[in-house]
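Below, each chain spelled out in residue letters.
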Amino acid sequence: MPATTPDRSPGAVTDGAPMIDAQGIHKRFGSLHVLKNVSLRLDPGEVVAIIGPSGSGKSTFLRCLNYLETIDQGRIAIEGETLASTSAQGQCSYAPEREARRICRKMGMVFQHFNLFPHLSVLQNIIEAPMVVKGLTAAEITPKAEALLAKVGLSDKAGSYPARLSGGQKQRVAIARALAMEPDIMLFDEPTSALDPELTGEVLRTMRQLADERMTMLVVTHEMGFAREVASKVVFMDQGELIEAQPAREFFAHPQHARTRAFLEHML
Ligand SMILES: Nc1ncnc2c1ncn2[C@@H]1O[C@H](COP(=O)(O)OP(=O)(O)OP(=O)(O)O)[C@@H](O)[C@H]1O
Ligand SMILES: [Mg+2]
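A few points on the structure. Computed from a prediction, not measured in an experiment: that's the story for all the values here. (Residues numbered from 1 in each chain as written. Chains lettered and ligands numbered in written order. Predicted model: local features only at pLDDT ≥ 70, side-chain atom pairs only at ≥ 80, totals over all residues. Heavy atoms only, no water.)

Section: the overall build of the protein
Item 1. Helix and strand content of the protein: nine helices and 11 strands.
Item 2. Relative to a compact globule of 268 residues, whose C-alpha radius of gyration would be 18 Å, the protein shows 19 Å and is just as compact.
Item 3. Projected onto its principal axes, the C-alpha coordinates of the protein cover approximately 55 × 45 × 35 Å.
Item 4. Expressed as a percentage of contacts within the protein between residues at least 6 apart in sequence, the contacts between residues at least 24 apart total 65%. (Helix = DSSP H or I, 4+ residues; strand = E, 2+ residues; numbered from the N terminus. Rg over C-alpha atoms; globule rule 2.2 N^0.38 Å. Contact = heavy atoms within 4.5 Å.)

So, in structure tokens, the structure goes:
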């Protein structure tokens, strides 16, 4: 038996493969063991919410999935293609760099603090990555960018600069920007927690629309209403461990673990 899972050829699509398959993930920052044997699988069209206290490793887990951080142990496969795997001897290795980057382009990511380019207009923010990464011309990608702006309700802001936008508008631009790369999966890291409460609704509505279109989504959130109503599955993390993962209704009605119950009592 080979020690590592073989990488698939570029572009290979595996029927029935999970969109995200993370198995036995360990991550350390120096002596700090931040992810402890975390496993999670997302099927096509699933919306999974990750909740948990500050410092429990939620962002680190998301960042490991799309190679913004590297794991120390475990296996990550995206749509059946292996990004990282670990040998029987415990040696973790990644797909070659170009291959790894290509695999990760299946995922778009939206951050808490938007991370828009301040010196570029809204439209330029959206067309930048398709031009740089995919080699498209501005003329080729602009109609798509305009359609995405319409989708997030910001057609009138194409020429505006981020500094002139509200937080909710910036976050919707960030979502449009991620979608411009045509990802199959969207990762969200607390997309509404930097927003004033009156602005969270517009962002959650955009996310709900994506979920209705069967986008596969993994969402770190403190929005229990969103988790309850939109997520198919809710995951609770604490101190680097995945404590439980349940269908959303089950999760809120019958949390299995005392730590989950304590957290929910604190949140609700
Ligand atoms: N680059 C890094 N270097 C060292 N330690 C880090 C780094 N990034 C995160 N950590 C540590 O890893 C742990 C998990 O952090 P992480 O940001 O994943 O938590 P989180 O669950 O997203 O928290 P929050 O809800 O506050 O965003 C924390 O103890 C944090 O201080
Ligand atoms: Mg975080």
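Picking up where we left off.
With respect to the packing of aromatic side chains
Item 1. Overall, the coordinates contain three aromatic pairs when judged by the stated rule.
Item 2. On the basis of an interplanar angle of 15° and a centroid distance of 4.9 Å, the ring pair of tyrosine 67 and tyrosine 94 is categorised as stacked. Of the two residues, tyrosine 67 sits in the loop between α1 (58-65) and β4 (73-78) while tyrosine 94 sits in strand β6 (residues 92-94), which places them 27 residues apart along the sequence.
Item 3. Taking relative accessible area as the criterion, tyrosine 94 reaches 21% and is therefore assigned partly exposed.
Item 4. Between phenylalanine 251 and phenylalanine 252 the ring centres are 5.2 Å apart and the planes differ by 80°, which places this aromatic pair in the edge-to-face class. Note on accessibility: phenylalanine 251 and phenylalanine 252 belong to one class, buried.
Item 5. The side chain of arginine 177 reaches across the aromatic face of phenylalanine 117, ending 5.3 Å from its centre.
Item 6. It is arginine 228 that lies over the ring of phenylalanine 252; its NZ or CZ is 4.6 Å from the centre. (Phe/Tyr/Trp six-rings, centres within 6.5 Å; stacked < 30°, edge-to-face > 60°. Buried < 20%, exposed > 50% of the residue type's maximum accessible area, 1.4 Å probe, protein only. Lys NZ or Arg CZ within 6 Å of the ring centre and 35° of its normal.)

Brief notes about the packing of helix α5 (residues 167-179) against helix α6 (residues 197-212)
Item 1. It is at 8 Å that the axes of α5 and α6 come closest, and there the two elements cross at 20°. In this view, α5 runs roughly parallel relative to α6, as classed from their interaxial angle. On α6, the residues touching Gly167, Gly168, Gln169, Gln171, Arg172, Ile175 and Leu179 of α5 are Leu199, Glu202, Val203, Thr206, Met207 and Leu210.
Item 2. Residue classes in the contact of α5 with α6 are distributed as six nonpolar, five polar and two charged. (Axes fitted to C-alpha atoms, helices over the stretch in contact; angles between N-to-C directions. Parallel < 35°, antiparallel > 145°, perpendicular 65-115°, else oblique. Nonpolar A, V, L, I, M, F, W, Y, C, P; charged D, E, K, R; others polar.)

Digging into unusual backbone geometry
Item 1. Positioned with a positive phi, asparagine 37 is a non-glycine residue whose angle comes to about 60°.
Item 2. Checked against the element boundaries, asparagine 37 lands in strand β2 (residues 32-42).
Item 3. Positive phi outside glycine occurs at glutamate 79, with the angle close to 50°.
Item 4. Considering the arrangement of structural elements, one finds glutamate 79 in the loop between β4 and β5 (81-86).

A few points about the pattern of salt bridges
When the charged atoms of two side chains lie near each other, side chains of opposite charge can form a pair.
Item 1. On inspection of all chains with the given rule, the structure shows 16 salt bridges.
Item 2. A salt bridge links glutamate 81 to lysine 106, with the shortest nitrogen-to-oxygen separation between them at 3.2 Å. You can see glutamate 81 sitting in strand β5 and its partner lysine 106 sitting in the loop between α2 (97-104) and β7 (107-110), a full 25 residues away along the chain.
Item 3. For glutamate 81, a relative accessible area of 1% corresponds to the buried category.
Item 4. Taken together, the shared-partner salt bridges connect Glu81, Glu99, Arg102 and Lys106 into one network. (Salt bridge = Lys/Arg side-chain N within 4 Å of Asp/Glu carboxyl O.)

Remarks on the packing of helix α3 (residues 122-134) against helix α4 (residues 138-151)
Item 1. α4 packs onto α3 with a crossing angle of 125° between their chain directions and a minimal axis gap of 9 Å. One way to sum up the angle between α3 and α4 is to call them oblique. Helix-helix and strand crossings are classified by hand; for α3 and α4 the assignment is right-handed. Judged by residue contacts, Val122, Leu123, Ile126, Ile127, Pro130 and Met131 of α3 engage Ala138, Ile141, Thr142, Ala145, Glu146 and Leu149 from α4.
Item 2. The class makeup of the residues in the contact of α3 with α4 is 10 nonpolar, one polar and one charged. (Left-handed = near helix turned anticlockwise from the far one by under 90°.)

Brief notes about α3
Item 1. In this model, α3 (13 residues) spans 19 Å end to end at C-alpha, consistent with the 18 Å of a helix rising 1.5 Å per residue.
Item 2. Along α3, the sharpest kink reaches roughly 30°, centred on glutamate 128 and followed within four residues by the proline proline 130.
Item 3. Within α3, burial applies to Val122, Leu123, Asn125, Ile126, Ile127 and Pro130.
Item 4. Buried residues belonging to α3 abut α4 and α5.
Item 5. Just downstream of α3, glycine 135 is the residue with a positive phi angle, here 70°. (Expected span 1.5 Å × (residues − 1). Bend = angle between axes of the 7 residues up to and from the residue.)

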